[in-house]
Amino acid sequence: MSLRIGFGWDSHAFKPGVPLKIGGLAIDHPEGLAGHSDGDVLLHAITDALLGAVSAGDIGSFFPPGDPRWKDADSSIFLNVALEEIQNAGYRIVNVDTTLVLAAPKIGPIASDLRDRVAELLDLKPSDVGIKAKTPEGLNADHVAQAHAVVLLEKVEDELGLLSKADVAEMQKQLEELIGEAQGAGRRRISLHRPPFDTEDIT
Ligand code: MG
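The notes below deal with the structure included here. It should be emphasised that the depicted structure is a prediction, and the values quoted were computed from it without experimental measurement. (Residues numbered from 1 in each chain as written. Predicted model: local features only at pLDDT ≥ 70, side-chain atom pairs only at ≥ 80, totals over all residues. Heavy atoms only, no water.)

Focus on the overall build of the chain
Keep this limit in mind: Labels follow the DSSP assignment, with helices taken as runs of H or I lasting at least four residues and strands as runs of E lasting at least two, numbered in each case from the N terminus. For every residue, the accessible area obtained with a 1.4 Å probe (protein chains only) is divided by the maximum for its type, and the residue is called buried under 20%, exposed over 50%, and partly exposed between those limits. Should any heavy atoms of two residues lie within 4.5 Å, those residues are counted as being in contact. Note that accessible areas follow from Shrake-Rupley with a 1.4 Å probe, and for residues the cover is restricted to the protein chains shown.
Helix and strand counts for the chain come out as five helices and seven strands. Across the 203 residues that make up the chain, the buried fraction comes to 38%. Taking as baseline every contact in the chain between residues at least 6 positions apart, the subset at least 24 positions apart corresponds to 73%. Here the chain has roughly 12300 Å² of accessible surface; of this, 55% comes from carbon and sulfur atoms.

So this is what it looks like as structure tokens:
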């Protein structure tokens, strides 16, 4: 089994007057997270972890922050692109683990909802998603939300399921050529094993 690991990290400042969205979940709180997109710090960290796991760059290389198309964008769009990248590379997620660092709101009471929502977005079982949270003790960062994420990927075993008909036809052609070559080699071997002394001149 071929495994790959990915790590992602992100931070966004809190800002009054914008809705708070973390892990794709709308959370009732007086402040939201500032950002060009919806500021979903957790989905950004997971997106980077997925892209990093298949060496596909980072969220900024796919979605430059100055691009007006991503103004207030739902961050699940970014996540879906990262999911496509790992699928194209022939991998799927084994599990995801995350840690949020923020002073408020308290994540404990909503951790289960967050886990279910992230699992839904990643098409995973909730038991394959870890959601943890800590307060930023000693970091002087009470108005910032940070997220760390790690993902483990495994190579998709049923690779034939990812092959197009054209790929299968090409493989068949190559296989037939190999068989033809092997048969040709067999004939050549037979010809080499003819008795070497086939003349009268053996004195
Ligand atoms: Mg971000």
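Concerning the nonpolar core
Which entries qualify depends on this criterion: Only buried residues count toward a nonpolar core, which is a set of Ala, Val, Leu, Ile, Met, Phe, Trp, Tyr and Cys residues joined through side-chain atoms within 4.5 Å.
The biggest cluster of nonpolar side chains holds 41 residues, and the ones touching the most others in it are Leu50 and Leu122. When residues of this core are traced back to their parent elements, those giving at least two are strand 2 (20–22), strand 3 (25–27), helix 1 (41–53), helix 3 (76–88), strand 5 (91–101), helix 4 (111–122), strand 6 (129–134) and strand 7 (144–155). Top contributing element to this core by residue count: helix 1, with nine residues.

Things to note about the coordination of the magnesium ion
As a reminder, the rule being used: Because water is not among the atoms used, a metal site may look incomplete, as its donors are only the N, O and S atoms within 2.8 Å, or 3.2 Å for Na, K and Ca.
Within the first shell, the magnesium ion binds the protein through Asp10 (OD), His12 (NE2) and His44 (ND1), at distances of 2.0 to 2.2 Å. Counting the intervening residues between successive donors of the magnesium ion yields the motif D-x1-H-x31-H. Taken individually, Asp10 and His12 each receive the classification buried, so the pair is uniform in this respect.

Topic: a negative patch on the surface
The following threshold applies: Patch membership is restricted to residues that have no salt bridge and whose relative accessible area is over 30%. Joining uses 9 Å for like charges and 5 Å for the nonpolar side chains Val, Leu, Ile, Met, Phe, Trp and Tyr. The term salt bridge refers to a side-chain nitrogen of Lys or Arg lying within 4 Å of a carboxyl oxygen of Asp or Glu. A residue counts as positive if it is Lys or Arg and as negative if it is Asp or Glu; His and the chain ends are not included. Where a charge lies is defined by one atom per residue type: Lys uses NZ, Arg uses CZ, Asp uses CG and Glu uses CD.
Taken together, the side chains of Glu170, Glu176, Glu177 and Glu181 present a region of like negative charge at the surface. Within the element layout of this structure, Glu181 appears in helix 5 (residues 165–192). For Glu181, a relative accessible area of 54% corresponds to the exposed category.

Here's the deal with the pattern of salt bridges
Evaluated as defined, the whole model comprises eight salt bridges. Each of Lys21, Asp38 and Asp74 takes part in salt bridges that share partners, so that together they form one network.

Describing unusual backbone geometry
The omega torsion of the bond from Ala104 to Pro105 falls at 0 degrees, within 30 degrees of zero and hence cis. Relative to the helices and strands, Pro105 resides in the loop between strand 5 and helix 4. Even without being glycine, Ser55 reaches a positive phi, approximately 55 degrees. Position of Ser55 among the secondary structure elements: in the loop between helix 1 and helix 2 (59–62). With relative accessibility at 62%, the residue Ser55 sits in the exposed group. Even without a glycine there, the phi angle at Asn140 is positive, about 50 degrees. By the element assignment, Asn140 lies in the loop between strand 6 and strand 7.

Description of the sheet that holds strand 1 (residues 3–16)
The condition is simple: For two strands to be treated as a pair, DSSP must find at least two bridges joining them. Angles run from 0 to 180 degrees between N-to-C directions of axes, and those axes are lines fitted to C-alpha atoms, restricted for helices to the stretch in contact.
The five strands are arranged 4-1-7-5-6 in an open sheet whose pairing can be described as mixed. Since the sheet does not close on itself, it has two edges, and those belong to strand 4 (31–33) and strand 6, each with one partner. Across this sheet, the average inter-strand angle for adjacent strands is 25 degrees, counted without regard to direction. Alignment of strand 5 against strand 6, held across six bridges, turns out to be parallel. Directly across from Thr99, in strand 6, lies its bridge partner Lys132.

Details of the side chain of His12
Condition: We define a polar contact as two N or O atoms separated by no more than 3.5 Å, with the added condition that, inside protein, one atom must be a possible hydrogen donor and the other a possible acceptor, whereas residues neighbouring each other in sequence contribute only through side-chain atom pairs.
Residue position: His12 is located in strand 1. Polar side-chain contacts of His12 include one of 2.9 Å to the side chain of Asp10. There is a polar contact of 2.6 Å between the side chain of His12 and the backbone oxygen of Ala34. Those residues within four positions of His12 in sequence are excluded, and the remaining contacts are Leu33, Ala34, Gly35, Gly39, Val41, His44, His143, Val144 and Ala145.

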